[in-house]
Amino acid sequence: PFEVKPFYAAYLENNNKGYIELLAELDKRMRPLTVDMPRGLQYHQVAKTWVSNASGTFNQKENFERNQVLLDAIVNESPLPEKKLSDTPKIIKILFSPFWLVMKINNFLPFYLAHTLTKKLAADPAFESSMELVFGIFLSPFVFLIQAFVVILLTNFEIGIAYFLSIPLLNYLLFKIYKNSFVVE
């Protein structure tokens, strides 16, 4: 938080000037709090390199700090820091791998549709991840309902409902276990 009163005089003098000064201060204060991809021609290449090397553990503060360091290394063409993978023990990942495969298959269509719509509609690459998230939030329930309906047609009503109700639980559980897999996507 910061005081906006100092910008009021500039705003009264010239609305645009006051607004621009306020935005500049906001930008200066927010940059250290975000993983800020550079805009321009190198955006997609930097983002691709960052995503393939991003950390994915349960410690969000540590992930944020590591990913800021990673982004700085990519932009400055320095050696990349070592990638830290999920904190989940390998035995847990192995035990849950059949569920992981089922959920990868279940989530393929919503992820694919969200990604395709985003690529077609995003005017600015900086908004792609946000658009993909929104499309995913709204498309996923419909796709899962259709998939559950297909399961009902192929089996019976109870199995279809059990399948539909298991999707959010399994997605949450598997996100926690295989977090780095989801970060990379």
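Here, every reference points to the structure presented above.
A few points on the structure. (Residues numbered from 1 in each chain as written. Predicted model: local features only at pLDDT ≥ 70, side-chain atom pairs only at ≥ 80, totals over all residues. Heavy atoms only, no water.)

1. What to know about the environment of glutamate 65
Stated precisely, the cut-off is as follows: Counting from the N terminus, the helices are DSSP H or I runs at least four residues long and the strands are E runs at least two residues long. Any residue under 20% of the maximum accessible area for its type is buried, any over 50% is exposed, and the rest in between are partly exposed; the area is computed with a 1.4 Å probe on protein chains only. Counted as a polar contact is a pair of N or O atoms within 3.5 Å, where, for protein atoms, one must be capable of donating a hydrogen and the other of accepting one, and residues adjacent in sequence contribute only when both atoms are in side chains.
Looking at the element boundaries, glutamate 65 is found in helix 4 (residues 60–75). For glutamate 65, a relative accessible area of 38% gives the class partly exposed. Through-space distance from the C-alpha of glutamate 65 to that of serine 55 is 9.8 Å; in sequence the pair is ten residues apart. A polar contact is formed between the side chain of glutamate 65 and the side chain of lysine 61, at a distance of 2.6 Å.

2. With respect to the pattern of salt bridges
Applicable threshold: Think of a salt bridge as a Lys or Arg side-chain nitrogen and an Asp or Glu carboxyl oxygen that are within 4 Å of each other.
Applying the stated rule across the entire model yields six salt bridges. Across the pair glutamate 25 and arginine 29 runs a salt bridge whose closest N-O atoms are separated by 2.5 Å. Taken as a pair, glutamate 25 and arginine 29 lie in helix 2 (residues 15–30) at a separation of four residues, close to a single helical turn. Overall, glutamate 25 belongs to the buried group, its relative accessible area being 16%. A relative accessible area of 40% means that arginine 29 is categorised as partly exposed. The closest approach of N and O atoms between glutamate 65 and lysine 61, which form a salt bridge, is 2.6 Å. Of the two residues, glutamate 65 and lysine 61 are both situated in helix 4; the distance of four residues between them amounts to about one turn of the helix. Residue lysine 61 is classed as exposed on the basis of its relative accessible area, which comes to 57%.

3. Observations regarding the nonpolar core
Worth spelling out the cut-off: Only buried Ala, Val, Leu, Ile, Met, Phe, Trp, Tyr and Cys residues count toward a nonpolar core, and they belong to the same one when joined by side-chain atoms within 4.5 Å. The contact rule is simple, with two residues in contact once any of their heavy atoms fall within 4.5 Å.
Grouped together as the largest cluster of nonpolar side chains are nine residues: Met37, Tyr43, Val46, Ala47, Trp50, Ala54, Leu70, Leu71 and Ile74. Secondary-structure elements contributing two or more residues to this core are helix 3 (43–53) and helix 4. For this core, the leading source of residues is helix 3, giving four residues. Those residues within four positions of methionine 37 in sequence are excluded, and the remaining contacts are Tyr43, Val46, Ala47, Trp50 and Leu71. Residues Phe144, Ile167, Leu170 and Leu174 belong to the second largest nonpolar core, which totals seven residues.

4. Here's the deal with a nonpolar patch on the surface
So the rule is basically this: What goes into a patch is any residue over 30% in relative accessible area without a salt bridge, connected to like charges within 9 Å or, for nonpolar side chains (Val, Leu, Ile, Met, Phe, Trp, Tyr), within 5 Å. Surface exposure here means Shrake-Rupley accessible area, sampled with a 1.4 Å probe, where a residue is shielded only by the protein chains that are shown.
Residues Tyr19, Ile20, Leu23, Leu26 and Met30 make up a contiguous nonpolar surface patch of about 480 Å² in total accessible area. Structurally, leucine 26 is set in helix 2. Note on leucine 26: relative accessible area 34%, which makes it partly exposed.

5. Let's talk about the packing of helix 6 (residues 97–121) against helix 8 (residues 157–177)
To keep it simple, the criterion reads: Between the N-to-C directions of two axes lies an angle of 0 to 180 degrees, each axis being a line fitted to C-alpha atoms and, for a helix, fitted only over the stretch in contact. The cut-offs work like this: below 35 degrees is roughly parallel, past 145 is roughly antiparallel, 65 to 115 is roughly perpendicular, and the gaps in between are oblique. Note on convention: near helix rotated counterclockwise from far helix by under a right angle means a left-handed crossing. Clockwise means right-handed. Ten residues, namely Ala, Val, Leu, Ile, Met, Phe, Trp, Tyr, Cys and Pro, are considered nonpolar, four, namely Asp, Glu, Lys and Arg, are considered charged, and the remaining ones, Gly among them, are considered polar.
The geometry of helix 6 relative to helix 8 is characterised by a closest axis approach of 10 Å and an angle of 110 degrees between their N-to-C directions. Relative to helix 8, the element helix 6 is oriented roughly perpendicular. Crossing hand, helix 6 versus helix 8: left-handed. Only Tyr163, Ile167, Leu170, Asn171 and Leu174 of helix 8 make contact with helix 6, whose side of the interface consists of Phe99, Trp100, Met103, Asn106 and Asn107. Here the contact of helix 6 with helix 8 is built from residues that sort into seven nonpolar, three polar and no charged.

6. Quick word on the side chain of glutamate 128
One can find glutamate 128 in helix 7 (residues 128–154). Looking at glutamate 128, its side chain comes within polar contact range of the side chain of lysine 119, at 3.2 Å. If sequence neighbours within four positions are ignored, glutamate 128 has contacts with His44, Thr118, Lys119 and Ala122.

7. Side note on the packing of aromatic side chains
Definition in use: Put simply, two rings from Phe, Tyr or Trp (the six-membered ring, in Trp's case) pair if the centres are within 6.5 Å, and we call them stacked under 30 degrees between planes, edge-to-face over 60, tilted for the rest.
A complete count under the given rule lists four aromatic pairs for this structure. Note on phenylalanine 2 and phenylalanine 7: the rings are 6.2 Å apart at their centroids and 80 degrees apart in plane angle, and the pair reads as edge-to-face. We classify phenylalanine 7 as buried; its relative accessible area is 15%. Both rings, one in phenylalanine 108 and one in tyrosine 112, keep their centres 5.7 Å apart while their planes meet at 15 degrees; by these two values the pair is stacked. Of this pair, phenylalanine 108 and tyrosine 112 both sit in helix 6, four residues apart, which is roughly one turn of the helix. According to the relative accessible area criterion, tyrosine 112 is partly exposed, its value standing at 45%.

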